[in-house]
Amino acid sequence: MEGFGAKSVEELDVGDLESAGLEPSEALHFYQELQVALQRAGFGKLESIWRLVSQSLLTPRHPHALHQLMYYSIYKNWDELQCGPPPYWFPSLEFARSTSIGQLLEARGNELLGNKAYVDPIASFTNFYKFSVQHPEIFWSIAFEKLSLHFSVEPKQMVDSSDSSRPAGKWLPGAVLNIAQCCLLPKPSIGKTDDSIAIIWRDEGGDDLPPSTMKLSELRHHVSRVAFSLQAAGFQRGDRIAIDMPMHIHAVIIYLAIILAGCVVVSIADSFVSSEIAARLAISKAKGIFTQDVIVRGGKAIPLYSRVLGAKPPKAVVLPSDGKSVRVPIRNQDVSWEEFFANGNGTNRSGDEFPAVQLPVESWTNILFSSGTTAEPKAIPWNQTTPMRCAADSWAHFDLQAGDIYCWPTNLGWMVGPYIISACLLSGATMALYNGSPLGRSFGRFVQDARVTILGTVPSMVKTWKKVNCMDSLDWSSIRSFGTTGEASSIDDDLWLSARAWYKPILECCGGTELGSAFLHGSLLQPQAFAAFSTPSLTTAFVLLDDSGRPYPDDQPCSGEIALFPKLLGASYTLLNADHHKVYFEGMPVINGIQLRRHGDVFERMAGGFYKAKGRADDTMNLGGVKVGKKSEFCGDRASLQYRAQQRS
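Residues numbered from 1 in each chain as written. Predicted model: local features only at pLDDT ≥ 70, side-chain atom pairs only at ≥ 80, totals over all residues. Heavy atoms only, no water.

Attention shifts here to the side chain of T453. Its place among the elements puts T453 in the loop between α18 (441-450) and β19 (454-457). Reaching out from T453, the side chain makes a polar contact with the side chain of D404 at a distance of 2.9 Å. Once you skip the residues sitting within four places of it in the chain, T453 turns out to touch D404, I405, S478, I479, R480 and S481. (Helix = DSSP H or I, 4+ residues; strand = E, 2+ residues; numbered from the N terminus. Polar contact = N/O pair within 3.5 Å; in protein donor to acceptor, adjacent residues only side chain to side chain. Contact = heavy atoms within 4.5 Å.)

Right, dumping it as structure tokens:
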């Protein structure tokens, strides 16, 4: 493979190690240890060499140049065309068996895959993926047992596929529930109790203080209090209420309270200018908005309420950024956070829990928007099945479960924000929130002090960390895995990131707001390669299309636009301001009587079963007479836009 330097690992000498930043004595010692590793692994056995070097020689304290030298010199002669991208992380059989999917397969592998078909979680993972596609009803019934779901009326069946106008299927027909209530209720069978830590957080400037925590019972109390106040303010079931503020603990409480009260959240990113806010308020027909006076970053107050005012919103509830008092004048029809609660005191008795509004499963919970960088943003409603999909994907691919601490700096205006809320609270994991910029060392300190086990990133964010070396000497040993989405990743940036946590895996994920989750993912039951996806998401099937819209054979290395088979739990079936069928289905190929669903991203399928993002479909690609998209570096959720806005601020 192409990379750093011209020598293979066998050709390195002590001088090369000194040039990579080691002192002479340390370079000599490292060189001697490297020779032992080469002999143990066997000369020419590149994967074995890298495994030994990354696990027993390299540490986070070593300079990045040394990590580069080792990785690129070991894999210098790797044949990527024949073998796919070189792997850097390998699951042990012991580790694989300890994961949620591993435990499931150990217990029921032969039952699910066929008599004597099961080998072990690693060898049988691909067959289990195929099983999940062929038998989604069975997979979802298993996944739902692992989530904190509470139905007031049980579903009549898992999925009704009889309606041709609903190619994704009607999931859980007849079910009635409140998904926010599910997030807030304990489920001891999965390790989720009232005493479980639901949220751990820190505000910017509090580096020397221990992170704050909130138990599940405490979170339920605070959410109930906001829901009672919403009721007192005159909001009714089905009303759409916007949130435009950073993703801190109050934003999460408000988000859950709106849904608990039977209303619909309208997600607006806090980086937007007034015209973008106004467009989203108009499209969604929001009847109110929660915002805050200013956003404080590095001691600088960035206006927010004034931007919201420029959008001419309906009634606003304004939170103080300092937790004390609103620091800007507000309109007569608006109320402060303190007044909002005072007005609701008559219906909110101390200790009372708000009676969750029970709703049909297809009731909307959240309206999110596509990025809208080239046209009016598409308004995409999520119903109550979409949070289930978010949580199940994290359970299956990140092995998220009670006891984990999950941190992904983002915003409620992008799908990762609602995704993280659902994933954590439906699985019993702890959500980690940092109320500040994620670009500097203070965020890294929070990751260290909160003992984060799963850390989500955006590639541009990692690039900044690496450039300024702000995470040097921090202890990230608690991290079990990383996640990344929003942009195409860089191999060298990922090499730097993985090395910060003793070479833990970085799981790529790519999906879309209209799907509620990912269609391509990394897996803890497969070797991982930098900047590459190792598997389609469980239950998700797709093909890659050539320039004429014809699917490539499944086992053929190629590059093409991805087209999804549409039977997907949680996927959209309507848009507020566009024709859903025209946007996602018109002109798409039909395979075995099933019309494929458009997404727009182009991927390369490589040897070894890996995929790499190549961008957006070219505007000259013609699929049955319908031209789609222009090239873009992005794939999946547009979290990077939020990150770049923070950079500008």
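Let us keep going from here.
Summarising burial for helix α20 (residues 491-500): nine of the ten residues are buried, a large majority. Put simply, S490 is the residue that caps the front of α20, since its side-chain oxygen is 3.3 Å from the backbone nitrogen of D492. The first or second residue beyond α20 is W502, which carries a positive phi of 60°. (Buried < 20%, exposed > 50% of the residue type's maximum accessible area, 1.4 Å probe, protein only.)

By the secondary structure assignment, G440 is in the loop between β18 (430-435) and α18. Judged by its relative accessible area of 25%, G440 is partly exposed. Put simply, G440 and G169 are 271 residues apart on the chain and 44 Å apart in space, counted from C-alpha to C-alpha. Residue contacts for G440: discarding those within four places in its chain leaves W465, C470 and M471.

Moving on to the packing of aromatic side chains. What the rule picks out here adds up to 32 aromatic pairs. Geometrically, the ring pair formed by W50 and Y71 is edge-to-face, given 5.4 Å between the ring centres and 80° between the ring planes. One end of the pair, W50, is in helix α3 (residues 46-56); the other, Y71, is in helix α4 (residues 64-74), with 21 residues separating them in the sequence. The buried category is assigned to W50, whose relative accessible area is 0%. For Y71, a relative accessible area of 1% corresponds to the buried category. Both rings, one in W465 and one in W476, keep their centres 5.9 Å apart while their planes meet at 75°; by these two values the pair is edge-to-face. A residue pair is termed long-range when its members are at least 10 positions apart, and W465 in helix α19 (residues 459-468) and W476 in the loop between α19 and β20 (481-484) qualify at eleven residues. Here W465 and W476 have matching classes, each one buried. Three or more aromatic residues joined by ring pairs make a cluster, and in this case those are W50, Y71, Y72, Y75, W78, Y88, Y503 and F530. When the ring centre of F90 is taken as reference, the NZ or CZ atom of R51 above it lies at 4.3 Å. Here the basic side chain of R597 rests over the ring of Y584, its NZ or CZ set 4.7 Å away from the ring centre. (Phe/Tyr/Trp six-rings, centres within 6.5 Å; stacked < 30°, edge-to-face > 60°. Lys NZ or Arg CZ within 6 Å of the ring centre and 35° of its normal.)

Before going further, it helps to examine the nonpolar core. Counting 189 residues, the largest nonpolar core has W50, L256, F290, W465 and W476 as its most contacted members. Element by element, the count of residues in this core is highest for helix α12 (residues 249-260), at eleven residues. Among all residues touching F290, those that are not within four sequence positions of it are L230, I241, A242, I243, D244, M245, I254, I258, V317, L319, W337 and F340. Formed by 14 residues, the second largest nonpolar core is a distinct cluster that contains C510, F533, L544 and L568. (Core = buried A, V, L, I, M, F, W, Y, C linked by side-chain atoms within 4.5 Å.)

Applying the stated rule across the entire model yields 25 salt bridges. R220 is the salt-bridge partner of E353, the closest N and O atoms lying 2.8 Å from each other. Note that E353 is positioned in the loop between α15 (337-343) and β14 (359-360) and R220 in helix α11 (residues 216-232), a separation of 133 residues in sequence. (Salt bridge = Lys/Arg side-chain N within 4 Å of Asp/Glu carboxyl O.)

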